[in-house]
Amino acid sequence: MSKLITLPLRGVRLKYPILLPLAALISGLALSTYLSNRWIYLALLFLAAIAATVKKPALALLLFIPIGILFSSNPFQRPENKITNYLDRKVDLEGTVFRLPENMDDRTRLFFNADRVIKHGTAHAIWGRAIISGSGIGGVNYGDRIRISGIKLNAFDSNKNPGTFDVQKFYGRQGIYAIGFLNDSEQLINFGHDKSSS
């Protein structure tokens, strides 16, 4: 029975050598969204993949599953510069609008990619995305560089009930970690289209 399964896989592996490693990598990326503590699972899966590869070298493509988990964990960005370190206090942020703004009946939602926080007149590099909502903030377009003064960012509410929609996980998969509300349109300065975003 196992020979019947391995023969078609061997043919696929020989004809399309990139297909199986790519499928394993995508599996790791998809799997990471469901893991609460990725680093523990990453270490365990990596050790299991190495053990499987030692026993049977043809299973080396299993190593791409932990690699997918690693890439989805943003290992190259420093956690102390993450936008979530500035939650629950008023800050001045600068960055670009990374998606078309959503105009609703009474407000506009901006999808904001922060790259600087201004503290005591000095800009510091940060990373992370936020959704900024407010009324009277029209005229902002995709790719515009903006500064938002005195905004208080909050985390999304996490739904702990199994099987229900979790807005924090949904936006977290998109790299959006915070939400903020503009009380006054004068809090926003639009510098125009950012050349680096096109």
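Keep in mind that this is a model prediction, so the values were computed, not measured.

**Q** Help me understand the environment of L87, please; the structure alone is not making it clear to me.
**A** Checked against the element boundaries, L87 lands in the loop between α4 (64–72) and β1 (90–103). C-alpha of L87 to C-alpha of G180: the two residues are 93 residues apart in sequence and 9.4 Å apart in space. Not counting the four nearest positions on each side in its chain, L87 is found in contact with L153, N154, A155 and A178.

**Q** When you look at the packing of helix α2 (residues 19–32) against α4 in this model, what are you seeing that I'm missing?
**A** The axes of two packed helices give the description: the angle between them and the distance between them. In contact at an axis separation of 7 Å, α2 and α4 are set at 45° when each is read in the N-to-C sense. In terms of axis orientation, α2 runs oblique to α4. The interaxial crossing formed by α2 with α4 has right-handed handedness. Between α2 and α4, the contacting residues are P21, A24, L25, S27, G28, L29, L31 and S32 on the first element and F64, I65, I67, G68, I69, F71 and S72 on the second. The residue makeup of the contact of α2 with α4, split by class, is 10 nonpolar, 5 polar and no charged.

**Q** How do you make sense of helix α3 (residues 38–55) when you look at a structure like this?
**A** Given a rise of 1.5 Å per residue, 18 residues ought to cover 26 Å, and the 25 Å separating the end C-alpha atoms of α3 matches this to within 8%. Taken as a whole, α3 has its buried residues at L42, A49, A52 and T53. Down the axis of α3, the smallest arc covering the buried residues is 100°, so these residues share one side. Among the exposed residues of α3, those oriented more than 90 degrees off its buried face are L44, L47, V54 and K55.

**Q** So what exactly am I meant to see when it comes to the pairing of strand β6 (residues 176–182) here?
**A** Look at any regular strand and the pattern is simple: side chains alternate between the two faces of the sheet. With 6 of 7 residues buried, β6 is to be regarded as a mostly interior element. Sheet topology places strand β5 (residues 144–154) next to β6; 2 bridges connect them, and they run antiparallel. Bridging from a neighbouring strand, N154 pairs with I179 of β6.

Conventions we followed
Every chain is numbered on its own, with residues counted from 1 as its sequence reads. Local features in this predicted model are restricted to residues of pLDDT 70 or higher, and side-chain atom pairs are both shown and tallied only at a pLDDT of 80 or more, whereas totals for entire chains, interfaces and linings draw on every residue. Side-chain measures here rest on the full set of heavy atoms in the structure, leaving out hydrogens and waters. Helix and strand assignments come from DSSP, with helices taken as H or I runs of at least 4 residues and strands as E runs of at least 2, each series counted from the N terminus. Throughout, a contact is declared for two residues whenever any of their heavy atoms are within 4.5 Å. Under this scheme, a helix contributes an axis fitted over its contacting stretch, all axes are lines through C-alpha atoms, and angles between N-to-C directions fall in the 0 to 180 degree range. An angle below 35 degrees is treated as roughly parallel, one above 145 as roughly antiparallel, one from 65 to 115 as roughly perpendicular, and anything else as oblique. A clockwise turn of the near helix away from the far one marks a right-handed crossing, whereas an anticlockwise turn of less than a right angle marks a left-handed crossing. Three categories are distinguished: nonpolar for Ala, Val, Leu, Ile, Met, Phe, Trp, Tyr, Cys and Pro, charged for Asp, Glu, Lys and Arg, and polar for the others, with Gly belonging to the last. Here the expected length of a helix is defined as 1.5 Å per residue gap, with one fewer gap than residues. Exposure classes here rest on a 1.4 Å probe applied to the protein chains alone. A residue is buried below 20% of its type maximum, exposed above 50%, and partly exposed in between. This arc is taken over the directions from the axis of the helix to the C-beta atoms. At least two DSSP bridges between two strands are needed for those strands to be called paired.

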